Amino acid sequence: MTVRRALVPALAAALVAAGCGGRGDETRTVRSETTRVEVLQDTGGRGGGERAFDPSAIYRQESPGVVTVISTGLGAAGGQGGGGAGLGSGFVISGDGEIATNAHVVTTGEGGAIREADQVYVRFQDDNQVAAEIVGFDPFSDVALLRIDPKGLTLRPLPLGSAGDLAVGSPVAAIGSPFGEEQSLSVGVISALDRSIQSLTGFDTVGAIQTDAAINHGNSGGPLLDATGRVLGINAQIQTTTGEGSGVGFAVSVDTVKRSLRQLRADGRARYAYLGVATSPVYPQLAERFGLPVQHGAWVQDVTPGGPAARAGLRGGRQEARFQDRTYGVGGDIIVAIDGRPVREENDVATALVRFSPGDEVSLQVMRGDKRQTLRVKLGERPLNAPRAG
C-alpha cells in the first residue's frame with residue numbers, strides 16, 4: 001500500500017452547493033466604514049492570555065471572513081488552456097479586499113509549467129460572489145494573494161498569528177469548503193511541527209504544521225485557527241493511502257505565509273535564496289559507521305554543478321556506500337552552521353536559508369575531514385524546477 005502526500009486539490013465546480021446564509025454573531029464587534037466597506041473588528045480581547053477552546057465561538061467569529069474560491073480555465077490535468085474548473089477556500093486578510101489562499105487553488109501545473117487560472121471568483125458566507133484578481137502566487141510555499149473590489153461588501157479580516165505560539169497538542173479549528181460543502185468546520189490538535197511538505201516545484205516547503213483536524217478536497221487555502229481565532233496556517237495537503245483525508249493534514253505555517261504575502265504585495269512574485277546542495281542528516285549511528293567527526297549536521301551528498309555552493313568550493317560525496325538500507329555519498333563536507341546558526345536537524349539548512357535573499361553572502365561552517373572550515377557563499381535565486389541536487 002502506497003502512502004502519499006497530496007495537495008488538497010480544487011474540487012470540481014459542478015459540485016458546489018449554494019453558500020450558507022447569515023453573517024455570524026455581530027454582538028461582539030464594532031463597525032468602521034471604509035468608503036462602502038464595512039470592516040468587522042473584534043473587540044473580545046483576542047490574543048490576550050489563555051482562552052478556552054470553543055469551536056462554536058471561533059466559527060461565529062471567524063467564518064464570515066472565510067471564502068470559497070472558484071477557479072476556471074484550468075484545463076485538464078497537465079493540459080493547456082480552456083475548460084476545467086476547481087474549488088478551494090481562502091480567507092480575508094485586509095479591509096482593502098486582500099484574500100489569501102493556496103497557489104494550487106488558482107493555478108495548474110508545476111515548476112516552470114505553472115499557469116494561472118483564466119478567471120477566479122470569490123464567494124462569501126453572505127452569498128455575495130465577486131471576481132478576484134491574482135496579485136501573485138508563490139509556488140515554493142503554495143501561497144497566493146488575491147484582491148477583490150471591496151465596494152459594497154462586508155469584510156471580516158482574519159488576524160494572522162505567529163509560529164512562535166505553536167505547541168504540539170494545542171487545539172485548532174479548520175474552516176473551508178471540503179467537497180464543496182461551504183463554511184464547514186472541523187477541529188483537532190496540532191499533531192507535529194516543522195514538517196517538510198511538497199511544493200509546486202521540486203523544493204520542499206519547511207516548517208509546516210501537521211494536524212488531525214479533518215482536511216479534504218476543497219479545504220485548500222482555508223485557515224487553520226487557534227483558540228483565539230488567529231490564523232496559524234493555510235491548510236494545504238493531506239497524507240493518504242486512498243486519496244481522501246485520514247487524519248494527517250498539513251498547513252503552511254503562518255510565518256511562511258507572512259513572508260510570501262510581503263513579497264507578493266511588493267512585486268507579485270516570491271524569490272528564495274538558493275544554495276544548490278542535496279544533504280542527508282547526520283545522526284550518531286551514521287557518524288560511527290562512516291567515522292564522521294560530528295554526530296549532527298547536514299552531510300553534503302551532491303552539489304549542483306555551477307551553483308552557488310559549487311562556486312564556493314563545497315564538496316559532495318565521491319563514492320557510494322550503504323548503511324541501514326540507504327545509499328550515501330561518502331566523502332562530502334558536513335555543514336554544521338550557517339552564519340553562526342547551528343545545523344542539527346534535517347530541515348535546518350532550508351530553514352536557515354529562508355532568512356536570506358538571493359544575492360546575500362553567508363558563511364558556511366563545514367567539517368572537511370577532521371578540520372572545521374568557513375566558506376563564503378553568494379546565494380543564488382531558487383529556480384522553479386529543482387536540479388537533481390537542490
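See the structure shown above.
Note that the structure is predicted; figures quoted are calculated from it, not measured.

Can you help me understand the sheet that holds strand β9 (residues 119-123) in this one?
Each strand in a sheet pairs with another by means of backbone hydrogen bonds, the pair being arranged parallel or else antiparallel. The sheet built from 6 strands closes into a barrel, its strands ordered β4-β5-β6-β11-β10-β9 with antiparallel pairing. Across the sheet, the mean angle separating the axes of adjacent strands is 40° when strand polarity is ignored. Here 4 bridges tie strand β6 (residues 98-101) to strand β11 (residues 143-147), and the two strands are oriented antiparallel to one another. Bridged to I99 within β11 is L146.

Can you help me understand the pattern of salt bridges in this one?
Should the charged atoms of two oppositely charged side chains come close, the side chains can pair. Using the criterion set out here, one finds 11 salt bridges in the structure. Taking the shortest distance from any N to any O, the salt bridge between R147 and E98 comes out at 3.6 Å. Remark: E98 occurs in strand β6 and R147 occurs in strand β11; sequence separation between them is 49 residues. Assessed through its relative accessible area of 30%, R147 is described here as partly exposed. For E98, a relative accessible area of 8% gives the class buried. A salt bridge links D333 to R368; the shortest N-O distance between them is 2.8 Å. You can see D333 sitting in the loop between β23 (326-330) and β24 (334-338) and its partner R368 sitting in strand β26 (residues 361-368), a full 35 residues away along the chain. Each member of the pair, D333 as well as R368, carries the same accessibility label: buried.

Whenever I open this one, the environment of R326 confuses me. Can you help?
As for its placement among the helices and strands, R326 is situated in strand β23. Since its relative accessible area comes to 38%, R326 is described here as partly exposed. In this view, R326 contacts S280 and A321; residues no more than four positions away in its chain are not counted. Within the local environment of R326, its side chain forms a polar contact with the side chain of S280, the two groups lying 2.7 Å apart.

How should the environment of T351 be read in this particular structure?
In this structure, T351 sits in helix α5 (residues 348-353). Each C-alpha atom of the pair T351 and D194 lies 9.4 Å from the other, and the pair is 157 residues apart in sequence. Other than its neighbours up to four places away in sequence, T351 contacts V206 and R341. Of note is the side chain of T351, whose polar atom sits 2.9 Å from the backbone oxygen of N347.

Would you explain unusual backbone geometry in this entry?
Excluding glycine, a negative phi dihedral is what most residues carry, and trans is how most peptide bonds are arranged. In this model, Q183 sits at a positive phi of 60°, which is unusual for a non-glycine residue. Checked against the element boundaries, Q183 lands in the loop between β13 (171-176) and β14 (184-198). We note that D194 has phi near 60°; this positive angle belongs to a residue other than glycine. Considering the arrangement of structural elements, one finds D194 in strand β14.

Calculation rules
Residues numbered from 1 in each chain as written. Predicted model: local features only at pLDDT ≥ 70, side-chain atom pairs only at ≥ 80, totals over all residues. Heavy atoms only, no water. Pairing = 2+ DSSP bridges. Helix = DSSP H or I, 4+ residues; strand = E, 2+ residues; numbered from the N terminus. Axes fitted to C-alpha atoms, helices over the stretch in contact; angles between N-to-C directions. Salt bridge = Lys/Arg side-chain N within 4 Å of Asp/Glu carboxyl O. Buried < 20%, exposed > 50% of the residue type's maximum accessible area, 1.4 Å probe, protein only. Contact = heavy atoms within 4.5 Å. Polar contact = N/O pair within 3.5 Å; in protein donor to acceptor, adjacent residues only side chain to side chain.

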